[in-house]
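Summary of structural features
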Amino acid sequence: MAIKVVRRPELTFWEKTYLPQILSGLKITFSHFFRNLFLHIAHVFGRLLHLRASATIQYPEELRPLMSRYRSRHRLTVREDNSPRCVGCMLCETVCPAKCITIVPAEHPDPKVEKFPVRFDIDLGVCVYCGYCVEVCPEDAVRMDTGILDLAAYSREAMRLDIHELMDPSLRKPLTGCSLDFPHQCEPMGGQMKGSWSADTPKPES
Amino acid sequence: MEILVIKVVLAGMVFLAVLNLAGFHTWVERKQSALIQDRIGANRASIFGFKALGLFHGIADPIKLFTKEDIVPAGADKTLHTLAPFFSVFFALVTFAAIPFGDQLIIGERVINLQVASINAALLFIFAMLSLGVYGVILAGFASRNNYAIMGGLRATAQMISYEIALGISIVGVIMVYGTMDLAELVRAQGYMIGGWVPMWGIVTQPVAFIVFLTAALAETKRVPFDLPEAESEIIGYFVEYSGMKFGMFLLTDFLETIVVACVATTLFFGGWQVPFLLPDGFHFPWGGEVLFANWFYALLGVASFSIKVLIFCFVFMQIRWTLPRFRYDQLMSLGWKGLFPIAVANTVLTAIVLVFFGEST
């Protein structure tokens, strides 16, 4: 039972008058004010650009640098022939604690590759950004390195990314010419089925 | 008839200058606080892509406030609820009538006092009007029919009454030294040079009164170190139930009162429109130099001097507002009653004794 005596510091006479403390406070604010004012003016003339006048990052125009390990919007990596690396092993769907991943695999025409996903959805409205899907993937097919942070949408439906959006992070809903119905039969990007691996994709029986 | 035209022009000038300065304050407040805190400050409002360092926020704000829905809470006294912000702004604005912003301007035969209303007890008028400003606050709290608003109004009233006493007594010393309550005469009396070098401004003759006055006056403006009545960030103040431009008027009152206080402090303690070594016919330097010019230029210099002093005061007030944290309520009361009030009284007594024994110096 150790007793710790906390001694409140007694204010000296000058501290009780507030005046010296106010002056020292004003000194700090004035020094910041005039330093930043000087730097802002110098920046207008293109001088002293290595000294920052404000800590502000003007967000939509200027993006904050992200750490390389930052977990941003997911993407599906692709092979050289633009087909997804994903082999439909379902590990990510299994490990996902939020159950936001939906995969429908199908048999691949190439006998060396067992399966491929005909449908790969991630519901970002449900995702907790834990990164387990990235860690568990044996094929390095899922990554969270797009650096996309503005994931806002007007509806829950728009928060669900399908395989097109996952393979090409620049695509955002609504995709023209894509019904997003399952099975996929859309042809965006000028007849080229974006994210398709061959025109005669075998469609699983729905 | 002629005098009426002159007075209307003067009043219009003061009105325009003061309201514009108050509007400008919103920009200064944003930018100054931003610079102090290493930020940039509001810079998004633009006209045709032209941003002008965020100056247009001062226009965007009133447009927003005017177009917002004006809500009067159910059960509130509609008349008083509407009247309260007008009270606030009116008493803050009417104060400027008594403030001399320049010396006499002579046009032909006519001598124009650069003061809207030449009242011979102008100081009393100003303090009376500042005191009446508390009615706007307490009516706002009372008419809102909101317990928090009433509490805020009562806090404001208690604070303003406490500090008004220190404020009033602190300037008694100034009145005794210069022997007049006419502000124009008071400023003229400050033009005297002690030993030919030091101007006899209020800050030189009454430094203690100046500090007491400044503190009490800051408390009167209800801005940050003393912003317990409103305290936007945490406590609920007297204008919770106000929206739109009615709320904007309370905000405007704050800025107007800051300018009033800056004007009064300039007039009482910094020689109003006085410029050192400047006499009505030009500069007379104690080392013998002389620069002479016409009366209109002299009057213009006076107005410029007054304006610059007021602007510096506004700047310093803003700096204090962004430097100091808020007082606790008991600290506020004990500072007012146990700190400022005795100091002001002691200063008055000391001034009286000094004047009796070393009088005739004025």
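So, how was this worked out
Residues numbered from 1 in each chain as written. Chains lettered and ligands numbered in written order. Predicted model: local features only at pLDDT ≥ 70, side-chain atom pairs only at ≥ 80, totals over all residues. Helix = DSSP H or I, 4+ residues; strand = E, 2+ residues; numbered from the N terminus. Buried ≥ 20, exposed ≤ 12 C-beta atoms within 10 Å, placed from the backbone. Contact = placed C-beta atoms within 7 Å. Pairing = 2+ DSSP bridges. Domains from an automatic or database assignment. Nonpolar A, V, L, I, M, F, W, Y, C, P; charged D, E, K, R; others polar. Expected span 1.5 Å × (residues − 1). Axes fitted to C-alpha atoms, helices over the stretch in contact; angles between N-to-C directions. Parallel < 35°, antiparallel > 145°, perpendicular 65-115°, else oblique. Core = buried A, V, L, I, M, F, W, Y, C linked by C-beta atoms within 7 Å. Left-handed = near helix turned anticlockwise from the far one by under 90°.

Looking now at the overall build of chain A. Scanning chain A for helices and strands turns up five helices and five strands. Secondary structure of chain A in N-to-C order comes out as α-α-β-α-β-β-α-β-β-α. Burial statistics for chain A: of 206 residues in total, 17% are counted as buried. Taking the contacts inside chain A whose residues are at least 6 apart along the sequence as the reference set, 59% of them involve residues at least 24 apart.

Glancing now at the sheet that holds strand 5 (residues 278-279) of chain B. The sheet built from three strands is open, its strands ordered 5-6-7 (chain B) with antiparallel pairing. The two strands at the open ends of the sheet, each matched to only one other strand, are strand 5 and strand 7 (290-292) of chain B.

In this section: the domain arrangement of chain A. Domain boundaries in chain A define domain 1 (17-44) and domain 2 (75-167). Using C-alpha coordinates to define each centre, domain 1 of chain A is positioned 52 Å away from domain 2 of chain A.

A few words on the interface of chain A and chain B. Facing 12 residues of chain A, the contacting portion of chain B comprises 11 residues. When the residues that make up the side of chain A that touches chain B are grouped by side-chain class, the tally is six nonpolar, six polar and no charged.

For M90 of chain A, which is not glycine, the phi dihedral falls at a positive 70°. Within the secondary structure, M90 of chain A is located in the loop between strand 1 (75-76) and helix 3 (91-95). At F277 of chain B, a position not held by glycine, the phi torsion is positive, near 70°. If you trace the backbone, F277 of chain B turns up in the loop between helix 9 (244-269) and strand 5.

Another point: the sheet that holds strand 2 (residues 101-107) of chain A. All names here are of chain A. A sheet is described by the order of its strands in space; here three strands give the open sequence 2-3-5, paired in antiparallel fashion. Bordering the open sheet on either side are strand 2 and strand 5 (160-161), each of which pairs with just one other strand. Both strand 2 and strand 3 (residues 115-123) contribute to a ladder of seven bridges, which runs antiparallel. The partner of A106 across the bridge, within strand 3, is F116.

In this section: helix 8 (residues 207-221) of chain B. One turn of an α-helix holds 3.6 residues; hence residues three or four places apart share an orientation. All names here are of chain B. In this model helix 8 runs 21 Å from its N-terminal to its C-terminal C-alpha over 15 residues, within 8% of the 21 Å that 1.5 Å per residue would give. Of all 15 residues making up helix 8, 11 are buried, and the element is well covered by its neighbours. Taken residue by residue, helix 8 has A209, F210, V212, F213, T215, A216, A217, L218, A219, E220 and T221 as its buried positions. Lining the buried residues of helix 8 we find helix 4 (122-143), helix 5 (147-178), helix 7 (202-205), helix 9, helix 10 (295-321) and helix 11 (329-357). In the segment just after helix 8, K222 is the residue with positive phi, at about 60°.

For the rest of this paragraph, the subject is helix 2 (residues 19-44) of chain A. Between its terminal C-alpha atoms helix 2 of chain A stretches 37 Å, which fits the 38 Å expected from 26 residues at 1.5 Å a residue. G46 of chain A sits one or two positions beyond helix 2 of chain A and adopts a positive phi of about 75°.

All names here are of chain B. Following both chains from N to C, one finds helix 4 and helix 5 inclined at 170°, their axes separated by 8 Å at the closest point. When the axis of helix 4 is compared with that of helix 5, the two are roughly antiparallel. Note on element contacts: helix 5 touches helix 4 through A149, I150, G152, G153, L154, A156, T157, M160, E164, G168, I171 and I175, opposite L123, F127, S131, V134, V137, I138, A140, G141 and F142.

Attention shifts here to the pairing of strand 3 of chain A. As paired elements, strand 3 of chain A and strand 5 of chain A share two bridges and run antiparallel to each other. Bridging from a neighbouring strand, I122 of chain A pairs with L161 of chain A of strand 5 of chain A.

Let's shift gears to the nonpolar core. Residues L256, I259 and A265 of chain B are the most contacted members of the largest nonpolar core, which totals 88 residues. Top contributing element to this core by residue count: helix 9 of chain B, with 15 residues. Each residue touching L256 of chain B, except ones within four places of it in the same chain, is listed here: V18, A22, V89, A92 and L93 of chain B. Ranked by size, the runner-up nonpolar core spans 18 residues in total, among them C86, V142, L161 and M167 of chain A.

The next thing to look at is the packing of helix 9 of chain B against helix 10 of chain B. Residue and element names in this part refer to chain B. Across the interface, helix 9 lies against helix 10 with an axial gap of 9 Å and an inter-helix angle of 125°. Taken as axis vectors, helix 9 and helix 10 run oblique relative to one another. The crossing of helix 9 and helix 10 is right-handed. Residues T258, I259, A262, C263, A265 and T266 of helix 9 pack against F306, K309, V310, F313, C314 and F317 of helix 10. Along the lines of polarity and charge, the residues of the contact of helix 9 with helix 10 split into nine nonpolar, two polar and one charged.

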